[in-house]
Every structure is written in C-alpha cells, then in structure tokens.
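# Architecture and fold: a report
Here's the letter readout for the chains.
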6 protein chains.
Amino acid sequence: MVNLPDKNGREAILKVHTRNVPLASDVNLQEIASTTPGLSGADIKNLVNEAALLAAKKEKDNISQKDFMDALEKIILGPERSLIISKEDRERIAYHESGHAILGLVVPGADPVNRVTIVPRGQALGITYQRPVSDRYNYTESYLRARIIGMLGGRTAEEIIYGNKTIGAENDIEQATNHARMMVTRWGMSDALGMVQLVESNNPYLNGMGGSGRREFSEETAKLIDQEVYKIINECHQEANILLNEYRMELNSLAAALMDKETLDEKEIFLVTGLMPAHELENKKVLV
Amino acid sequence: MVNLPDKNGREAILKVHTRNVPLASDVNLQEIASTTPGLSGADIKNLVNEAALLAAKKEKDNISQKDFMDALEKIILGPERSLIISKEDRERIAYHESGHAILGLVVPGADPVNRVTIVPRGQALGITYQRPVSDRYNYTESYLRARIIGMLGGRTAEEIIYGNKTIGAENDIEQATNHARMMVTRWGMSDALGMVQLVESNNPYLNGMGGSGRREFSEETAKLIDQEVYKIINECHQEANILLNEYRMELNSLAAALMDKETLDEKEIFLVTGLMPAHELENKKVLV
Amino acid sequence: MVNLPDKNGREAILKVHTRNVPLASDVNLQEIASTTPGLSGADIKNLVNEAALLAAKKEKDNISQKDFMDALEKIILGPERSLIISKEDRERIAYHESGHAILGLVVPGADPVNRVTIVPRGQALGITYQRPVSDRYNYTESYLRARIIGMLGGRTAEEIIYGNKTIGAENDIEQATNHARMMVTRWGMSDALGMVQLVESNNPYLNGMGGSGRREFSEETAKLIDQEVYKIINECHQEANILLNEYRMELNSLAAALMDKETLDEKEIFLVTGLMPAHELENKKVLV
Amino acid sequence: MVNLPDKNGREAILKVHTRNVPLASDVNLQEIASTTPGLSGADIKNLVNEAALLAAKKEKDNISQKDFMDALEKIILGPERSLIISKEDRERIAYHESGHAILGLVVPGADPVNRVTIVPRGQALGITYQRPVSDRYNYTESYLRARIIGMLGGRTAEEIIYGNKTIGAENDIEQATNHARMMVTRWGMSDALGMVQLVESNNPYLNGMGGSGRREFSEETAKLIDQEVYKIINECHQEANILLNEYRMELNSLAAALMDKETLDEKEIFLVTGLMPAHELENKKVLV
Amino acid sequence: MVNLPDKNGREAILKVHTRNVPLASDVNLQEIASTTPGLSGADIKNLVNEAALLAAKKEKDNISQKDFMDALEKIILGPERSLIISKEDRERIAYHESGHAILGLVVPGADPVNRVTIVPRGQALGITYQRPVSDRYNYTESYLRARIIGMLGGRTAEEIIYGNKTIGAENDIEQATNHARMMVTRWGMSDALGMVQLVESNNPYLNGMGGSGRREFSEETAKLIDQEVYKIINECHQEANILLNEYRMELNSLAAALMDKETLDEKEIFLVTGLMPAHELENKKVLV
Amino acid sequence: MVNLPDKNGREAILKVHTRNVPLASDVNLQEIASTTPGLSGADIKNLVNEAALLAAKKEKDNISQKDFMDALEKIILGPERSLIISKEDRERIAYHESGHAILGLVVPGADPVNRVTIVPRGQALGITYQRPVSDRYNYTESYLRARIIGMLGGRTAEEIIYGNKTIGAENDIEQATNHARMMVTRWGMSDALGMVQLVESNNPYLNGMGGSGRREFSEETAKLIDQEVYKIINECHQEANILLNEYRMELNSLAAALMDKETLDEKEIFLVTGLMPAHELENKKVLV
C-alpha cells in the first residue's frame, strides 16, 4: 500500500506539472492541493492535462482556476451529460443540492463547500463538493455528525419545500448509514454499546493477537446496534430539518441561483446566500 | 457502462434510420422516441427494420405508427404465439389487463397507457404498455405508489369480477414487492425505519468510505421491514380495489373491447372507456 | 427457451408421424394430444415409435390407443419392473392409487383421470394419470386446492382403510407442500400475507427494476408462512378425508378392480366406480 | 441408476453361480436370497466365491449355509479383527447385542434376527443381523417404530444390566434419530406438523413443479420438529425398556450364550432364548 | 483405513525391532506396548531407534525404560525446548501439572499417570501423561467424566493455590468442552435431550438409510445443549475442586518435587505423593 | 512451525551480529533482546543492519541504543512519514499516547513502557511501545485486564481532556475487544460461562478426540458472551478513567513533553512524569 501524497506533497507535484503551463492570475495551487486529498501523483498530472485541454477548447491562452475545478469534476465523476430534465425536476435537484450546500455552510465543523452544480455528470444529477481545508487524520464524533447532517440535507430540503420524498437521496442515505454504523460498531461512539468492536475491520494488519477471526454477536446486540444507528440518523435528520427551516431564505436563494447559473463556486455561494463558511469545531480542553 | 440515449437522442437516431424509409402520415417519431426509454441506438435501428418488415408482410408501401408499435412489442417480448386459449381464460386475461389499464388512466401520476393487448407473446398472456411522456430521472413516493397500484390492478380486477384468485398475478406481485421493499430499505420512505439504509446496493460505486461491506440487521428490524412492506402493498391493493369498483363500467367496456379486438392503442382505449389520461402528480411547493 | 407445442401443435405433429403407420380404429389423436402437454416434437415422434414397437411385440398389425398410453407411461416413468410384491402390499398400493383416482373424479375442477395402475415402473409402485382436457395457462386457487386434495388422496385412503400411515406418500407430500408454499409465498393467495412476494423466482427474466436480489424476511413472517402452508395442507387433507369416506364404496370397488386387472383406463374407471368426470370449476362472474 | 435385483432375481443369480459348486445339504438359496437385499449381481458372485474360499480354508469338500453367512459378514463389514477385549467389555458387548436381538424377536413387525455376534469386524465390536423375509417396498409407521425400538435396544440393555451408559450406542442413536426425523419431516407421520414436507429430498427426480428449491421454515416449526423427534425416540426408548425388563431372563441367557459361543445363528438364538420370531404387523382393514 | 495394531500387536512389533538391541534389565516391553495405543508399526520402529539414539548420546551400552519414555515424548510432542521460564511461572506450571496428575490418581476410573514433567516441549510448557492399562474400545459415562475432571485439574489447582486464572488452561478447556459436547449431542448421555443425535458424524460410513444429510435443530434445543454442556463442565470443575482441596498436601508435595526434579515417572509420583493408582470404575451389574 | 528464539537466544544472536560493529557505550544487548520477543534470527540481523545505517546517516562512528530503538520502530511500523498535522491534532495525539503510557506506568502488571512518540509511521499517528521484561509464557487474568486498561487509555485520555471522542481509538477498541472475547470464550475467565470453550481454535493441533469440528451455541449463550465482553471492557474503561483522573498532572506533563520533543524513551518518561515502572502483579499463593 503506497501512501498517497499529503497536501504539501500535492502542491509540490502541481508545481512540477505546471512549470511549463501558462496559468491565469487567479490560479491558486495551494487551494487546488487542499481540494484534492486522495489523488495520486499520476492523478494530479492528469488533472493538469485535463485543465489545459478545457482551456484550449475555449481558445484561452492560459488556464484558470475554474478550468482546474471543471477538470477535477470530470476526472472524479466523468464528463458532463446533456439530459433533458424537466423544469420541475431541475428545480427539485437545485433544492436538493442547495440543502447539502446550506448545511455545509451552517453546521459547525462541516467541510467547506467548494462548488455546487445541477449539471448532470455520470450517474449524478447534481453535485455538492465539500473538501477539508487541510488533510484530516482524525475525525471527532461532532465532525462525523456534521457530515451526516449534511448528507441528509438533500432529502430534508425536498421534504421542506415539496412535502414529499424522492429516490434521489438513495446514495446519501447509504453513506449516512455507513457512517452511523461505523460510529456505533467500530469507533465506540455509542454509550449503549461501549468501547466494544462489533464488526471486524477488513484491514489485514489488524488481525493481531487474540482475535477470533469471526464475527458473532447476539440478536440482542444486533437490535441495540440498529437502535443506536437509527438514533444517530434521526437526530441528524431532525437537526437538518431545524437548520434548513431556519435558513429557508438562503435555501431559496441558492436554489434559484442554481436554476439560473447551474454551477456556483465558493465565492458565488457566499454572495448568493450571504452566508460565511461554517465555524470550525471547537477542540477545547475541558476545564478541571 | 455506456449511457443510453435520452428521448432527444432516440428521436435523432430514429430520424437517421428512417431517412430512406417511406413513413405513413400518422407516424410520430417523437412519440416513438418517448415510448422507448432504455433502447440503445442499435435497438432503435432494429426497431425500424422490424417495422419495415411488418409493413412489407402486409404488402403496404409505407410504415404506419402501428407497425412501429407492433415491432416494439416483438422486440421486447418476442413474437406472437398462437395459443388455444379457452373463452373463459381469454375473458379473465382481458379483465386482468383492463385492471392494469384502467388504473393507468385514473391513478394520478401513472405513466400513460400506450397499448393493451390479450395476444400472447413469449411468456405473457396479455400486456399493458405504460411509458412515461418524457424520460424520468427521479421518482417521488407518490409515483412509486401509483406504479404499485397499477401493478396490483390485474389481480384486483379478477377478484372484483370473479371473486377469486389465479396465479396470473405472479410477476405483478414480484414487481410490486420489489418496489415496496426498495422504498422501505433503500429510499428512506418508511417513517418507522427512517433514513436508514437496510440492504446494500449492488452498485460497486457506492461502497464509499466507512461501509462495512456486510449486511447485518436485527430480527426486530427485519420484522419492521416486513410490516412496512406489507402496509404499502395492502394500502395500494385497497386503493386499486376502490378505484376499480368506482370504474367498474369502464373496466367492463375495456375488457369487452379486448375480447373483441384483442389489441387497443391509446386512442382506442380513450374511446372505449371514455376516460382521459391520468392527472400528473402535483409537484407543488409547500406554502410557508 | 423454445416454446413447447400446444395441443393443436401436438395433434399436428402426431398426424405427421403416424402418416405411414397403421392405426387401429379406436385411436384418437386429439385425445393423445391433450394427454401429452409438455412433450416436445421429438418426444412425440418417440412416442409413436414406442407405440409401434409395443404393437409389434404383441404381433398386432396395427397400433391401438392402449399402445399409445402404454408407450407414454414407458417414456415418462421408465419400463415396467416385475417386483414380487406381497398381496398385502399390492392391496395397499391399490387403495393408495384409488384414493388419488376417486378424488380426481369427485373434486370439482380436478384434471380428468386417464389411467390408474399398480404395475411398478421406475421408482413408482403405482401411478394415477391425470391430464387436463386442454392446455392450461392460468390456475385458479380452487384448481390448485383440487390438485392438493388429489395428491393427499393416496395417504388419506390408507388412513381410512388401514388406520395407519406408510412412507408411500413421501412424493405426494412433497408436491402438495410445494404447491401450498407457492400459493402462500409467490401467488398472493394467503390473506394473512397479502400480495407480497416472499421467495424469489428462479426465473432470470423477472429480476426487473428495483429488486434487491436477496431474500430476507423476518422470523415472524417465516412463522406466518408455515402456519398458512399448514392450514392449506390440513384443510385439503380434511376435504380428502370427508370425500373418501363419502365415496368409500367406490374406493373399495376401484381398489378391488385394480387388484384384479392391475391397470384401468378412463372408461373402465367410470364403469367400475359408476362415477362421472369431475365438474369443472365454475368461473362465474360475481354479480354486482 | 440401475435397479438392483429383487429376491427372485437374487435367487436366480445364486443358482447360476452355484451351478458348479458343491453345496452342503443345509444350504438354502432362497433364504440367502432373502437375506441379501441391496446386493447386486456382482456382489452375489463375490459372495459365492468368498463362501467357497472359507470352506476351502476349513478343508471341507462342500459349502455350508454358515459359510455363506460368514462370507456375507465379511463382504459387508470387512474381515474379522482379533482384538484383546477385556472380559468386562466382552460381557457388555454381549448384553448390547442381546438387547438388539431380543427386541428383534419380541417387537411385532421387527425384521427376523438372522445372526448375532460379538466377534469384532471393521469398526464394529458386535453385530446383530436383521433382514426382512421378503423385499419391502413400503414401510408403515409401526414398522419404523419397531426398527427404532430395536436400534435403541443395545443401550437400553446396558442401562438395565449395568445402570449406566457407554459411547457404544453412538451409531444406533444416529440411525434412530435419522428415522425419527424422516418420519416427522418427510413422511407426514407427526400430527403436530401434518402432511407438510419440511426437508427437501436429495432426489433430483422430485424437484417437480412448483418447488422453490430452498428450505425455509420458522424457528417455531424447528422447535416443533425437535419435540416430535424427541417424542418418538423417547417413546421407543421406554418401549425398549419395558420389553427388555419383561424379557430379562432371555436377555441374560442370550448374553451368556454369546460370551460362550461368540456367534449364534437364528436357530441357536431360538434355542437359547426359547423365543419365536416376532409377530408380523397386522395390516388389517379398519371395520366400518 | 488401516486398523492400527492393538496392545498385543504392538508388543510383538516391539519384540521384532528390539531383537538386536541391548536392553537394560528394567525394560518392560509389555508396559511400553500398553503406553502406546495409536502408534503404527512404523511409529514403533521409530520409537526404538529414538530410544537407542538417546542411550547412545548418554554413552550407555544399553537402552533403559526411561530412554523409551523419553523417546516417546519426543516423538509425540517434539524435542525439548530450553526456555527461560521465571521461577514463578515454573511453580505455577508445576502446580498446573500436579493438578492433572493428582486427579489422575484419585478419580476412580482415571487412566494411570505414567509421567509428569515441567520440561517444555513443542507448544506445551508441561505435560501429564495418562495412558490406559489396556486398549479401550468402549467408554462409560463415568470414565468420560473422570477424564473431564482430570482435564480441569490444571486450572483448578491454580485457582486453589493462587486464587486466580491464567490462559494456561486453554487446551484443557477445549478438550473438556469437546468431550462434554459429544456426550450431550452424539452419545445420548443427557436425559434432557434423550437418545437424539444432534450433530452429525463426520464418518462417511454412518450416512445410512434415512439421513437427511443436514443439521437443523431449533434455538430451543441449542439452548438445552448449552445448558447440559455447561452442567457437565461445572459439575466436573466442582468435583476437581473438592478433590484437590482434599489432597492439597499431596498436590504441594508433587509440585515441589516437580520444581526440584522437573520430570517424575509413575513410581516417583507414588513415592512423592504416597498415593496409589486410581480405583477402576466398577462395572457391576445392577441387582434385580 | 519453527520455534522463535527466546530472550537468551535473541541476545546470543545479537552478540553474533554485532561482533564486528562499533557499539556506543550505552548499548545494552540484553535490553534489546528483551524488547524484541517475536523476532526471528533473520529479523535480528536486519535490526542490526538498520541500526548501523541510521548511525551512518548521522555520520556517527558507532551505534547507540537509540539507533537500535529507531531501527526497531522502522522494521515493525515502516519508515517515518512527514505529514502536516495541525497543532490541535498533534496535541490530541500527544494526549492519546500519553493516556496509554501513563496507564502503562500505573496499572500493576502492565508491561514496561519503552518509548512513546507522536511521529507518524505507516498508518499510525503515534505509538506507545510496551514490552515485557522477560518473555512471557502464561498470562494471568489480571495481566490481561492490565493490557485492556492500557489499550483503552488513549480514548479515555481524550475523553477526559476534550470531553469528546474521535475515531483514533479504532485499533485500540478492536484489540481490547479481542482480548475480552478470548477471556470469555476460550480462556474460561467468565464465571457466567464457566470453563466452556465457545469459539474454536484455529490451531489444527487441537482438533483432538471428540471434537465436533463445528461451532454451534445458542442465542442465549451469544447474549451472555456479549454481556460478559461488555462488562470486562466497561470495567476496564472505568478503571482507566479513574486512574487518568488521578494522574492528570502526569498526563499533562507527558503530553506537553511529547508536543515538545515528539519522542521520549523510558528514562525521559520517568523524568517528565516523576513516575516509576508499574508494580508487578503479585503471584502469591493463597494461605490456607
């Protein structure tokens, strides 16, 4: 298992590959580096090439920050698809993505929202990008809940605006459930179950001394796990509901802007909603 | 995974393949395009060829809209089979299909009924075609319930008319159950279970961060899922029953017409039943 | 999957293959065709050859209807076996088969009894043939119950006559249980479980949209399924018991005739029992 | 699957293979034929050869009935083993086998006891041979219970004589449980479970119409099966206990004779115990 | 499967292989034969060679009985390992092995204790050898309990002496549980479960008539099995505790001697503890 | 399976491989030997080479004890990684590791803490090394609990200092659960479950006489296991909490020193915290 480059490493690799490439004045390699955790050196080289191609298509003589962002989208989600989507569907998608984005701005600890779009790509009808400012190596329970709240924001926005549900939240539900399940069964974040590991890691390195190599817990414990997962999801759903009702005006503005412009970057989102980035989670020590 | 053409794409492909083909004046390529979601470019080329062959068999010098519809049936369900079906069985099949079709006309949000037939094809003894006006990319809970109600309409018609059950509803039951189960276990449409994912996707793309890669829920949750699935199915069954009793005259008329003509297209169905297409589902925003 | 010929098709194939074969005056190709659903064209050709061989063995110069029936038995169940079966065992087998046959005559909707025999063939010690008059494409709940009642008739006759049980009903029990289980779990014929599909089809065509591809129901539902299956089987067992007690004289006559002649065809069965074919199931419409 | 010869067939095969072999006057080929169900033609040829070899070893000029019986033992269980078994162990084995044998003589319907021995062969420390007089093709519930009672007779004798248990009954317990389980789950011999099939046959021929191909019953049913199996086993155990206490003198005599002679044939068993073969089960018709 | 030689056979094989080997006057081939059940002819040849090698290493001109015992240890458990074990650990191991050994001397029916050692071999830190006087072919329930009591003696001694537990009893626990489980599930030694077989044998010979080839019992039965296994283990644990408290002086003496000499043979154990071999289990007949 | 060298063996191997290598005066081969249980001869050779390389890199003319410790880290956990970790994250990691280390100093019986570091290596963000003074061959229940308490110390420190949880304890939770589960299911350390083995060993040597080769226990037992595992974990968690609150000053000092120096060896830890090594567990005999 090769370790992927961290933020500094990615910035260094970006510098190498953009040495002989004309960059627009707005290009911020540090920001690109911080938006691309998980990318290998080869991925970053590919990113620069794609960005150059996009700029060339538009017959520009240098590459802008937006070209890099568009190239990143293409690499991760595939090329844009031109689907005929009804106005009603587009509006619903706009509200769905706006639900994710607004929560990304108002839930303390949420990762910054870099971009939101209702241009279909691959299987996705809309996308909200959220990337941490710096690479993270440790997640707090509050941060995980902030992520779950954000994931449930798409469906919650639809519920608030239309009063009904669609299948559009399928992936959000899956990811939120996976997070909640890990919190309960591997990360010891449920008081009811304590610091007991209930599902095994797939990591072969962890089969250390004493492990039985088999999963076996009782029906009673399975029931407790389900209850705790349900509890986390429902609390986050309620939190999403409270917040989106509170920020309904901003939700409307952002959805309207998306209907109009299709894609908004971080600054445009701030402008449209009048919101600022979410507060970081306080990591204060407890006073004795 | 290649993305299939959308409605516009299909219409464009139809235009290409019918360039050198004599079309009757009633042919409406846009309608054919909207009736054929899921077909690839190759499928559409095949459709045109089959329609031309059918027209040639009847020694016509151009291809009519009906030829396209017949060709579509053949491609999807295989060629017609000439089975000796007793008059009693034919009548029952006519009522079964009419049950589907009537509900396709009266349940708000149901996909338009393009055609209904009691000519056996492949394994099917009768078929009711329903296709959306435009490609759909997102399904609401109400739409899914409209589909389930329609699926249960065949059996419900038999129960109303004959007071008993046959095995003819096997596939309908299977599809309705699958829909209800997905609503409950993946689409977060059961309040009792909340926005929790309970069965895993087969989609390899969704095995994102944090997933345990294994399904494990408690017996208690399994029971709740069963109850919620049962509830959806039974509510839809009751709705089908209420509606078909309300539209029993139209049901009788349509079954009689099917006994007489075997196949009816959309306009003939309207004529025979005096019904109009179902209302679309309202996608209204909730007033604050 | 090639579609097998229907009754008309089989009669046509029979005509082709008997063109150059001397047939006795009693041969009724239409009847043979109706007794052979499920046979392919090749099977039918084989049937004619076997019948000719049987006639040749008896040094007859033409083939009789009985030769066709004997050939059919041989093709389906293998050649006769000459086992030394004790008189007691023969009598019990005669009553067992008579139990099936009598119920085939008196349960409304039962398929006609074409033949009954206590000559062992393959693994079977006796056989009761029942074939529908015409190919069936749809089964009502009443018809399925008629079949189950008939299947349980062998054991029930033994219980009535001897007051005890043997293992001879093993296959009957298996088939009856399979029917009942399908009624409950796939055909929506249990009110307690509603129109919910509980076991998956093996048919790959039915894995349509929305199916999770996995079976998972709760212990509670499993219990309900078991109860409903048990209920169907027990009701049918009781019905078989009531009817065979009612027709005990006819049961005795048929068993005695079987002890005497070993094999009886439809007409001989009518003669011996004085019974007529079962009433067809009424398929009446419900009056409004 | 080739059908094995029945008793007549076996006698005919014996006659063929003994044509050129000198037989003692006590040889009864019909009896040998009835003691060898399940043997193929090749097995029977081998039996004659082994018997001839045994006679040759003893430098006899003809083959006696005992030679055939010894040859049969060798073919089925392997050659004798000379193990040093303590006097105590030998006595216990003698009582164990006598328990089987006495019940084979006094339980109505039990298969005749052809031979009993405490000479070890293969894995067995002692053997009681029981073979039906004629080939059986159908088993009654009473016969099955007679077999189970006999199987449990070895352990029961040990319990009566020594007041404790050994592992020597392991195979008996396994076979008795298998019989009881089949009675309950496949042969419809438990009123609590009715004529419902609960485990599937391994026979590929039986996967007829309608079977789901999967076993699935509820915990409730599993519990009921266990109770019914336990009930049959315990009733048979009690019956064995009652009978062996009743025939304790004969049990003692037979065990003593076994300690003395090691092997006894049918006639010797009668002589030693003063018992006659078990009554056949009455197969009487119920009077109306 | 070749049958292994019994005690007589092993003695004969020993005689053959020691023909040309100088034996010390204390060598008792009969005793060696009775200590080596389970060894094949080749194993015995190897044993003689190893004993000769050991004697040669010590530059002796003949082989003593101890050389044979040392050779046997080496063959079964691998060569000695020189581990640095702390005095505390050595004492604990000495008490653990003494616990096994004392119970081997005082529990009626226990196999004789041939040797006890705290010299590590292979994975074992200490070993207590117990071998039957003669080959056994049948085990009584009392003998099995005597074995389990002995197995639990190591842990029990530690509990008595140190008042706490170590992982050193892992293998003892596993073997004791396996014995108890077999008693309950295959050997019919639990009155609560009766003579019912609950787990299948792995022996392919036992898949006789009527077996379903599948294991399936209810949760209720699983619970009963667990209770019965727990009961046997706990009763034996208590018995071990009572006996080791009663013989605590002898336990201390033996542990001290082991600390001193590391290995003691049967006679030395008698000398150190003042105990005699355990009484044999009485195999008395019940008086009527 | 080759047996690995014990402490003496490792020291001897170290002496061989350092014969021609210049060692600093602080090098203590005995200490290195006692810190490296589980290493093979080849591993130890590699260790010496790596230490020499590290010394060479620093252009030193001899190898110090620290070089050996650094080499050991590299061999076991892979090379250091230079990650940009935020100050907040570094502090949290420092407290996490300090939690492990302090408990390693204050829990009686805990293995000595050789080193603690917040330099990331491989997947680990920080490491606390604890190695026994001598090779251990037997673990007491108290020692196992001491280990579990130490494992839970990282999370507990975070809870005390920050009042919240992170995913950083994932591996600690897994290892602690494995230990607790083994105590309950294989080592007979739960009075509720007694000396019953509940999961099978993977060790092929242990499948001795009588084992069924299959794991099967009831739901009731599964529940009991879960309760007992939960109880051990929670008791240890509480103990960790009590101790770290008691030693909070030392915890703060150690975390601060780690923030400052990144890595501390045993002596530095003593210096910074003012603590001495943990008491050994008393292995006293119970007085009678």
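The shown structure was predicted, so the numbers you read here are calculated from the model rather than taken from an experiment.

Moving on, we get to the overall build of chain A. Within chain A one finds eleven helices and three strands. Secondary structure elements in chain A, listed N-terminal to C-terminal, are α-α-α-α-α-β-β-α-α-α-α-α-β-α. Against the compact-globule benchmark of 19 Å for 288 residues, chain A has a radius of gyration of 21 Å, which places it among compact chains. Expressed along its principal axes, the backbone C-alpha trace of chain A runs to roughly 65 × 50 × 45 Å. Looking at chain A as a whole, 56% of its 288 residues are labelled buried. Expressed as a percentage of contacts within chain A between residues at least 6 apart in sequence, the contacts between residues at least 24 apart total 71%. For chain A, the exposed surface amounts to about 12,700 Å²; the carbon and sulfur share of it is 51%. Side chains of chain A carry 33 positive and 42 negative charges; the gap between the two charge centres is 3 Å.

A few words now on the sheet that holds strand β1 (residues 113-117) of chain C. Residues and elements named next belong to chain C. What the three strands build is an open sheet, ordered β2-β1-β3; its pairing is antiparallel. Across the chains shown, the open sheet's two edge strands, defined by having one partner strand only, are β2 (127-130) and β3 (263-265). Averaged over all neighbouring strand pairs, the angle between strand axes comes to 10°, with direction disregarded. In this sheet, β2 lies alongside β1 in antiparallel orientation, the contact comprising four bridges. Opposite V113, over in β2, you have Q130 as the bridge partner. The strands touched by helix α4 (residues 65-77) are β1 and β2; relative to β1, the strand with the most contacts, the crossing angle is about 70°. Where helix α10 (residues 248-261) meets the sheet, it contacts β1 and β3, and its direction lies at approximately 120° from that of β3.

In this section: the packing of aromatic side chains. All names here are of chain D. Tallied over the full model, the rule gives twelve aromatic pairs over all chains. Ring geometry for Y95 versus Y162: centroids 6.1 Å apart, planes at 90°, classification edge-to-face. Linking Y95 in helix α5 (residues 87-106) with Y162 in helix α6 (residues 141-162), this pair joins segments that are 67 residues apart in sequence. Judged by its relative accessible area of 5%, Y162 falls in the buried class.

Residue and element names in this part refer to chain A. Taking 1.5 Å of rise per residue, 13 residues should cover 18 Å, and helix α4 (residues 65-77) covers 18 Å from first to last C-alpha, within 8% of that figure. Each element contacted by the buried residues of α4 is listed here: α1 (7-18), α2 (29-34), α3 (41-57), β1 (113-117) and β2 (127-130). G78 sits one or two residues past α4 and shows a positive phi near 90°.

Before going further, it helps to examine the relation of the copies chain A and chain B. Its rotation angle being 60°, the transformation that places chain A on chain B also includes 0.3 Å of axial translation and leaves an RMSD of 0.1 Å. Read as a symmetry element, the transformation amounts to a six-fold axis. Rotation axis and chain A: the residue whose C-alpha lies nearest the axis is E219(A), separated from it by 7.0 Å. When the interface residues of chain A are mapped onto chain B, a mere 12% of them again fall at the interface, so the copies present different faces.

All names here are of chain E. Taken in spatial order, the three strands make up an open sheet running β2-β1-β3, and their pairing is antiparallel. Both edges of this open sheet fall to β2 (127-130) and β3 (263-265), since each of them pairs with a single strand only. Neighbour to neighbour, the strand axes of the sheet diverge by 10° on average, direction disregarded. In this fold helix α4 (residues 65-77) packs onto β1 (113-117) and β2, with an angle of close to 70° to the strand it touches most, β1. Packing against the sheet, helix α11 (residues 266-273) makes contact with β1 and β3, and its axis sits at approximately 95° to β3.

Here we come to the packing of helix α7 (residues 153-162) of chain F against helix α10 (residues 248-261) of chain F. All names here are of chain F. Put simply, α7 and α10 touch, their axes get as near as 12 Å, and they point 100° apart. By the angle class used here, α7 and α10 are roughly perpendicular. On α10, the residues touching A157, I160 and I161 of α7 are R248, L251 and N252. Residue composition of the contact of α7 with α10, grouped by class: four nonpolar, one polar and one charged.

Further remarks concern the interface of chain E and chain F. At the interface, 51 residues of chain E touch 42 residues of chain F. Carbon and sulfur atoms supply 51% of the area that chain E and chain F bury against each other, a total of about 4,400 Å² over both sides. Taken together, the connections running from chain E to chain F amount to three salt bridges. Across the pair R186(F) and E174(E) runs a salt bridge, and its minimum N-O distance is 3.1 Å.

The next point concerns the relation of the copies chain E and chain F. For the match of chain E to chain F, the screw axis carries a shift of 0.2 Å, the RMSD comes to 0.1 Å, and the turn is 60°. Of the interface residues in chain E, just 12% have counterparts in chain F that sit at the interface too, so the contact is made through distinct surfaces.

This paragraph deals with the interface of chain A and chain B. A common way to express how large an interface is: the accessible area buried when the components associate. Each partner contributes to the interface: chain A provides 49 residues, whereas chain B provides 42 residues. For the chain A and chain B pair, buried surface summed over both sides reaches about 4,400 Å², with 51% attributable to carbon and sulfur atoms. Contact with chain B buries area across many residues of chain A, yet K165(A), I167(A) and E174(A) alone supply 15% of it, more than any other trio. Between the two partners, chain A and chain B, sit three salt bridges. Of the charged contacts in the structure, one is a salt bridge between E170(A) and R186(B), with a shortest N-O distance of 2.7 Å.

With respect to C-alpha atoms, chain A approaches chain E no nearer than 11 Å, and the pair has no contact. A gap remains between chain C and chain E, with no contact made and the closest C-alpha atoms lying 11 Å from each other.

Before going further, it helps to examine the pattern of salt bridges. Residues and elements named next belong to chain A. Applying the stated criterion across every chain, the model contains 101 salt bridges over all chains. For R145, the salt bridge identified is with E235, shortest N-O distance 2.8 Å. On the criterion of sequence distance, the pair formed by R145 in helix α6 (residues 141-151) and E235 in helix α9 (residues 219-246) is long-range, its members being 90 residues apart. Its relative accessible area of 33% is what places E235 among the partly exposed residues. Salt bridges sharing common partners tie together K66, D70, E73, R115 and R121.

As a further point, take helix α11 (residues 266-273) of chain C. All names here are of chain C. The set of residues buried in α11 consists of I269, F270 and T273. All buried residues of α11 project into a common sector of 100° when viewed along the axis, lining one side. With respect to the buried face of α11, the exposed residues turned more than 90 degrees away are K267 and L271. With its phi angle positive at about 70°, G274 sits one or two positions after the end of α11.

Its location among the elements puts E141(A) in helix α6. Residue class for E141(A) comes out buried when judged on its relative accessible area of 17%. Ignoring sequence-local partners within four residues, the contact set of E141(A) consists of M183(A), M189(A) and K165(F).

Here we come to the side chain of T128(E). Among the structural elements, T128(E) can be located in strand β2. A polar side-chain atom of T128(E) sits 2.7 Å from a polar atom in the side chain of E97(E).

Residues and elements named next belong to chain A. Residues with a pLDDT of 70 or more make up 91% of chain A, whose mean pLDDT is 88. Note that pLDDT drops below 50 for residues 202-215; the model gives that stretch 26 contacts with residues more than four away or on any other chain. The complex prediction reports pTM at 0.87, with the ipTM value standing at 0.83.

The phi dihedral of E59(A) is positive, around 55°, even though this residue is not glycine. Tracing the backbone shows E59(A) in the loop between α3 and α4. Although it is not a glycine, E262(C) sits at a positive phi angle of roughly 70°. Tracing the chain through its elements places E262(C) in the loop between α10 and β3.

Structurally, F217(E) can be placed in the loop between α8 (170-185) and α9 (219-246). In this structure F217(E) comes out as buried when scored by relative accessible area, which is 18%.

Residue and element names in this part refer to chain B. Note that A51 resides in helix α3 (residues 41-57). Sequence spacing of A51 and L72 is 21 residues, and the spatial spacing of their C-alpha atoms is 8.1 Å. Look past the residues within four positions of A51 in its chain and what remains in contact with it is I63, D67, F68 and A71.

Conventions we followed
- Note on numbering: residues in each chain are counted from 1, in written sequence order.
- For naming, the first written chain is A and the first written ligand is 1, with later ones following in the order written.
- Confidence filtering applies because this is a predicted model: local features only for residues at pLDDT of at least 70, side-chain atom pairs given and counted only at 80 or more, and all residues used for totals across whole chains, interfaces and linings.
- Side-chain figures throughout are based on the complete set of non-hydrogen atoms in the structure, without hydrogens or water.
- Numbering of helices and strands runs from the N terminus; a helix is a DSSP stretch of H or I covering at least four residues, while a strand is a stretch of E covering at least two.
- Here the radius of gyration uses the C-alpha set of atoms, whereas the globule reference equals 2.2 Å times the residue count to the power 0.38.
- Summary of the burial criterion: residues with accessible area below 20% of their type's maximum are buried, those above 50% are exposed, and those between are partly exposed, where the area comes from a 1.4 Å probe applied to protein chains only.
- Here a residue-residue contact requires only that any non-hydrogen atoms of the pair lie within 4.5 Å.
- Per-residue and other accessible areas were derived by the Shrake-Rupley procedure at a 1.4 Å probe size, with only the shown protein chains allowed to occlude residues.
- The charge count includes Lys and Arg as positive and Asp and Glu as negative, but it does not include His or the ends of the chains.
- Charge placement uses NZ in Lys and CZ in Arg. For Asp and Glu, CG and CD serve respectively.
- By definition, two strands form a pair when at least two bridges between them are found by DSSP.
- Helix axes are fitted only over the stretch in contact, all axes being lines through C-alpha atoms; the angle between N-to-C directions runs from 0 to 180 degrees.
- When two rings of Phe, Tyr or Trp (its six-membered ring) have centres within 6.5 Å they constitute a pair, described as stacked for plane angles under 30 degrees, edge-to-face for angles over 60, and tilted for the intermediate range.
- One fewer than the residue count of a helix, multiplied by 1.5 Å, yields its expected span.
- Residues below a pLDDT of 70 in either copy are left out; the C-alpha atoms of the rest, at least 70 in both, set the least-squares superposition of the copies.
- By the definition adopted for this analysis, an angle is roughly parallel if under 35 degrees, roughly antiparallel if over 145, roughly perpendicular if from 65 to 115, and oblique otherwise.
- When residues are sorted by character, Ala, Val, Leu, Ile, Met, Phe, Trp, Tyr, Cys and Pro go into the nonpolar class, Asp, Glu, Lys and Arg into the charged class, and all the rest, Gly among them, into the polar class.
- As used here, buried area is the combined drop in accessible area, with a 1.4 Å probe, of two parts when they are placed together.
- Salt bridges are counted wherever a side-chain nitrogen of Lys or Arg sits within 4 Å of a carboxyl oxygen of Asp or Glu.
- Arc definition: directions from the helix axis to the C-beta atoms.
- Pairs of N or O atoms within 3.5 Å make up the polar contacts considered here, provided that, within protein, one atom can donate a hydrogen while the other can accept it, and that residues adjacent in sequence are counted only when both atoms are side-chain atoms.
- The predictor attaches a confidence to each residue, and that confidence, scored 0 to 100, is pLDDT.

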